[in-house]
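The chain contents come next:
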2 protein chains.
Amino acid sequence: MARIVQKYGGTSVGDVDRIKRVAARIKETYDDGNEVIVVVSARSGVTNELIARAKAIHSIPDEREMDMLLSVGEQETIALMAMALHALGVPAVSKTGAQAGIITDPAHTRARIMSFEGDRIETHLKRGEVVIVAGFQGIAENGQITTFGRGASDLTAVAVANAVKADVCQIFTDVDGVYTCDPRIVSDASKIDEISYEEMLEFASLGSKVLQARSVEFAKKYGVTVEVRSSFNNKSGTIVKEEVESMEDVVVRGVAVDKDQAKVTVSNIIDKPGSAAKVFQTLSDAGIIVDMIVQNVGRNGVANLTFTVTRSDSARAEKTVATLLDELGGGEVEVFESIAKISVVGVGMRTHSGVAAKLFSTLAETAVNIQLISTSEIKISVVIDLEQADTAARAIHSAFQLGTK
Amino acid sequence: MARIVQKYGGTSVGDVDRIKRVAARIKETYDDGNEVIVVVSARSGVTNELIARAKAIHSIPDEREMDMLLSVGEQETIALMAMALHALGVPAVSKTGAQAGIITDPAHTRARIMSFEGDRIETHLKRGEVVIVAGFQGIAENGQITTFGRGASDLTAVAVANAVKADVCQIFTDVDGVYTCDPRIVSDASKIDEISYEEMLEFASLGSKVLQARSVEFAKKYGVTVEVRSSFNNKSGTIVKEEVESMEDVVVRGVAVDKDQAKVTVSNIIDKPGSAAKVFQTLSDAGIIVDMIVQNVGRNGVANLTFTVTRSDSARAEKTVATLLDELGGGEVEVFESIAKISVVGVGMRTHSGVAAKLFSTLAETAVNIQLISTSEIKISVVIDLEQADTAARAIHSAFQLGTK
């Protein structure tokens, strides 16, 4: 017998039939003698519909009211899921975030969990009930409903798992787990059985959509074991957990491909202290998140500054920087949208040398030009031409022998 | 300056455009210097959609989960309404039933209000904010979300008006007020300016849909002045309030026509004590609500028992009574669906005689046969043939000089 948290996303609970199918799956786990706590998202599309209505009424809706509005999506699903379990003879009870005891700070639409005691859930588990908790939401100490931001039902699941000291937090998704590379790009990509929090964080922040970065951080902080697995089959998925020594045997865990970036180059600005600070403070004030940053200074005292942003932010980033050019002492801004970022990730890099050399030589052999390079302790990222992204990913994947074949 | 509660039903807030229109109307009242509290229902159709999903999952959904499910409808509307007011520059804040402080008993799907202090709403009124309260819902002392039953947003409005000692509780609807008769039947039906709680209760229970009976009872108990008015124009509506002496000057306030009834006759049963009790207890156990009851005993010791029920309940009522026939000592059950109930209502009947005589003679002159008669202190109801209902209503309306012409 184990204590298991299962999280099902919006697609898995998208309509009545899917809710019934998920309920049948929960029943299997329950019938095996496990204690089960379920976290669900809003039915797919519901949150977007609610946002569309809000935007049709107010261009910048009040954040408190947005939380009041959006929290209804999950509340609908928990009630329907409880009914679906009842229909299968499984005792079950639904809980809003507030009822489950998830206390947050009062920062509407981006609240952080302040405290979460598992006793309210525990009471129901003791009665043999499955507890269904609404994802994505909590309650502030002032009694206001709060939400955690899009995709944060994963965070609720991990927080629930921590609060009730669950053995595992299973995140159900439409893939079998975390892969060594996107299988749509690399046909022999293989499922990773175990991955460390650090590696998973790199994958999450690199645009792999299987697990939200915030929930991985939370899991890491509290040591919650997470399993990413498919809602379509019963195969075991990928376990995300504390790094163990044997993990370092694998030098490169996987290859991440991010095709959703754009590169902004500010060239020929005068190299003086504070220029970069000025640029990135202004971008930050405009709410633009910058990923990679590279600066070179030439011999003639002029600097070139290059950074990457999400492609949808590139036009805004260009405009924002353009307003600063006079202050920076001239220069030009250029945007390159046709780029991709490819990263190799692995905790083994800490103890193994030669990863960078192998990566660069592989790209050279494949005639791929490297535009930017950025490294961390367990990751090397390069920016290359978008058109060469798939070819490059396949070559790297093969060079590091990550495939199943 | 006055303190005004305004209640808008599901049709009035059915979509984004209608919500904006209602917001503009609230703004007018607010800009006139009034304190405004708004109660809204779920957007029209939403509650039915939610029920349909629940029924597709479970034939008899758990009542706690139904409340969890259905309460989201109103929660969506309050958030959108607050945003719509913000868009017009009106400070506004939304409150779920729980947040507003509406404490109920724990009877899910049919909860009753136990206590409701207005201080939480008061705080916001003092800040100059419009407060938007979700209709139809509250919270039990055990923290569970409860609902009051269909159409009970009126009840919330009246309860809010009482809690904050509002000057008036305006119920916005698709008609200009309460009429002396259904204008679709009687073309010269006139709007009633003032009506007593007792009269309104009779109209409400007689199938006039403008105001829910429970909310009238609540208003009567606490002396809340209610105004029924149109959401499509600015005409003053019908004031429902404590009876004043001058109200008795009008003998008949109006004529109500109920075409949704069926008559069940149990004939030739042995006249012995307990027969009627047996019949109506069994019907009550089956959840069938009986309206009029008439019993005649013939000379030969056999009795005829006739009662009316909602037409949709007639087949079930017939079956239920049929199972009792042996016990009742034989007899037959017959159902007549082609009937209508016509009632004249007025507190003036207490002090004026001759209403019944005038009613019966008017029907006789119109060649309408009376099948059943039932009276109360301020009401006389007759059951007649359905096909003659409109003709009879027009004749009665005219005989009591209720028309505008």
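The shown structure was predicted, so the numbers you read here are calculated from the model rather than taken from an experiment.

### Quick word on the overall build of chain A
Counting its secondary structure elements, chain A contains 13 helices and 20 strands. Its C-alpha radius of gyration of 23 Å places chain A within 12% of the 22 Å reference for a compact globule of 405 residues. Projected onto its principal axes, the C-alpha positions of chain A cover 75 × 55 × 35 Å. A burial count over chain A gives 48% of its 405 residues as buried. Nonlocal contacts in chain A, meaning residues at least 24 apart in sequence, comprise 75% of its contacts between residues at least 6 apart.

### A word on the relation of the copies chain B and chain A
Least-squares fitting of chain B to chain A yields an RMSD of 0.1 Å, with the superposition described by an axial translation of 0.0 Å and a rotation of 179°. Both chain copies can therefore be described as sitting about a two-fold axis. Within chain B, V72(B) has its C-alpha nearest the rotation axis, a separation of 2.6 Å. A shared binding surface is used by both copies, with 100% of the interface residues of chain B retained as interface residues in chain A.

### Regarding helix α2 (residues 46-57) of chain A
Between its first and last C-alpha atoms α2(A) spans 17 Å; for twelve residues at 1.5 Å apiece the expected length is 16 Å, and the two agree. Burial in α2(A) covers these residues: T47(A), L50(A), A54(A) and I57(A). Buried residues of α2(A), seen end-on, are gathered within an arc of 90° and therefore sit on one face of the element. Looking at the buried positions of α2(A), the neighbouring elements they touch are α3 (63-87) of chain A together with α1 (16-31) and α3 (63-87) of chain B.

### With respect to the interface of chain B and chain A
Accessible area lost on assembly of the parts is the figure often given for the size of an interface. Across the boundary between the two partners, chain B contributes 28 residues, which contact 28 residues of chain A. Sorting elements by how many residues they give to the side of chain B that touches chain A places α3(B) first, with 14 residues. The residue makeup of the side of chain B that touches chain A, split by class, is 17 nonpolar, six polar and five charged.

### Some words on the packing of helix α1 (residues 16-31) of chain A against helix α2 (residues 46-57) of chain B
Contact geometry for α1(A) and α2(B): axes closest at 10 Å, N-to-C directions at 40°. Considering the angle they form, α1(A) stands oblique to α2(B). The two elements α1(A) and α2(B) meet at a crossing, and its hand is right-handed. Seen from α1(A), the contacting residues are V16(A), I19(A) and K20(A); seen from α2(B), they are R53(B), A56(B) and I57(B).

### As for the environment of I139(A)
Residue and element names in this part refer to chain A. Along the chain, I139 turns up in strand β7 (residues 137-140). When the 22 C-beta atoms within 10 Å are taken as the criterion, I139 is described as buried. C-alpha separation for the pair I139 and V252, spaced 113 residues apart in sequence, amounts to 41 Å. With sequence-adjacent residues up to four places away left out, I139 is seen in contact with G97, A98, I102, I103, T104, Q144, I145 and T146.

### Observations concerning the sheet that holds strand β2 (residues 35-40) of chain B
Residues and elements named next belong to chain B. Sheet architecture is open: eight strands sit in the order β3-β6-β2-β1-β9-β11-β12-β10, paired in mixed fashion. Among the strands making up the open sheet, the edge pair consists of β3 (92-95) and β10 (194-196). Here the strands of the sheet are splayed against their neighbours by 20° on average, with no regard to which way each runs. Sheet analysis places β2 next to strand β6 (residues 130-134), joined by four bridges and oriented parallel. The partner of I37 across the bridge, within β6, is V131. Strand contacts of helix α6 (residues 153-163): β1 (3-8), β2, β6, β9 (168-173) and β11 (226-230), with the helix running at about 175° to β1, the strand carrying the most contacts.

### Things to note about the nonpolar core
Core analysis: the largest hydrophobic core is formed by 246 residues, its most contacted members being M81(A), M81(B) and V160(B). Look past the residues within four positions of V160(B) in its chain and what remains in contact with it is V5(B), I37(B), V39(B), I121(B) and V133(B).

### A short note on the environment of V72(B)
If you trace the backbone, V72(B) turns up in helix α3. The exposure class of V72(B) is buried, given the 25 C-beta atoms found within 10 Å.

### Concerning the sheet that holds strand β13 (residues 254-258) of chain B
Residues and elements named next belong to chain B. Sheet architecture is open: four strands sit in the order β13-β18-β20-β19, paired in antiparallel fashion. Lying at the two open borders of the sheet, with one neighbouring strand each, are β13 and β19 (372-376). Ignoring which end each strand starts from, the neighbouring axes of this sheet average 20° apart. Both β19 and strand β20 (residues 379-385) contribute to a ladder of five bridges, which runs antiparallel. Looking at β20, one finds that L372 is bridged to V383. Most of the contacts of helix α12 (residues 355-365) go to β20, to which it runs at about 15°, and overall it touches β18 (339-345) and β20. Its contacts with the sheet put helix α13 (residues 389-399) on β13, β18 and β20, and the angle it makes with β18 is roughly 15°.

### So, the confidence of the model for chain A
Averaged over all residues, the pLDDT of chain A equals 92, while 99% of them reach at least 70. Across the interface, the model reports ipTM at 0.84; the global pTM reads 0.85.

### Here's the deal with the environment of G9(A)
Residues and elements named next belong to chain A. Here G9 lies in the loop between β1 (3-8) and α1. Its 22 C-beta neighbours within 10 Å are what place G9 among the buried residues. Sequence separation of G9 and G135 is 126 residues, and the distance between their C-alpha atoms is 9.1 Å.

### Brief notes about unusual backbone geometry
Residue and element names in this part refer to chain B. The phi dihedral of T109 falls on the positive side, at around 70°, and the residue is not glycine. Positionally, T109 belongs in the loop between β4 (102-104) and β5 (113-116). Exposure remark for T109: the 16 C-beta atoms within 10 Å place this residue in the partly exposed category. In the Ramachandran plot, N268 falls in the positive-phi region, its phi being about 55° despite a non-glycine side chain. Since 15 C-beta atoms lie within 10 Å of it, N268 is described here as partly exposed.

Basis of the calculations
Residues numbered from 1 in each chain as written. Chains lettered and ligands numbered in written order. Predicted model: local features only at pLDDT ≥ 70, side-chain atom pairs only at ≥ 80, totals over all residues. Helix = DSSP H or I, 4+ residues; strand = E, 2+ residues; numbered from the N terminus. Rg over C-alpha atoms; globule rule 2.2 N^0.38 Å. Buried ≥ 20, exposed ≤ 12 C-beta atoms within 10 Å, placed from the backbone. Contact = placed C-beta atoms within 7 Å. Least-squares fit on C-alpha atoms with pLDDT ≥ 70 in both. Expected span 1.5 Å × (residues − 1). Arc of directions from axis to C-beta. Nonpolar A, V, L, I, M, F, W, Y, C, P; charged D, E, K, R; others polar. Axes fitted to C-alpha atoms, helices over the stretch in contact; angles between N-to-C directions. Parallel < 35°, antiparallel > 145°, perpendicular 65-115°, else oblique. Left-handed = near helix turned anticlockwise from the far one by under 90°. Pairing = 2+ DSSP bridges. Core = buried A, V, L, I, M, F, W, Y, C linked by C-beta atoms within 7 Å. pLDDT = per-residue confidence, 0-100.

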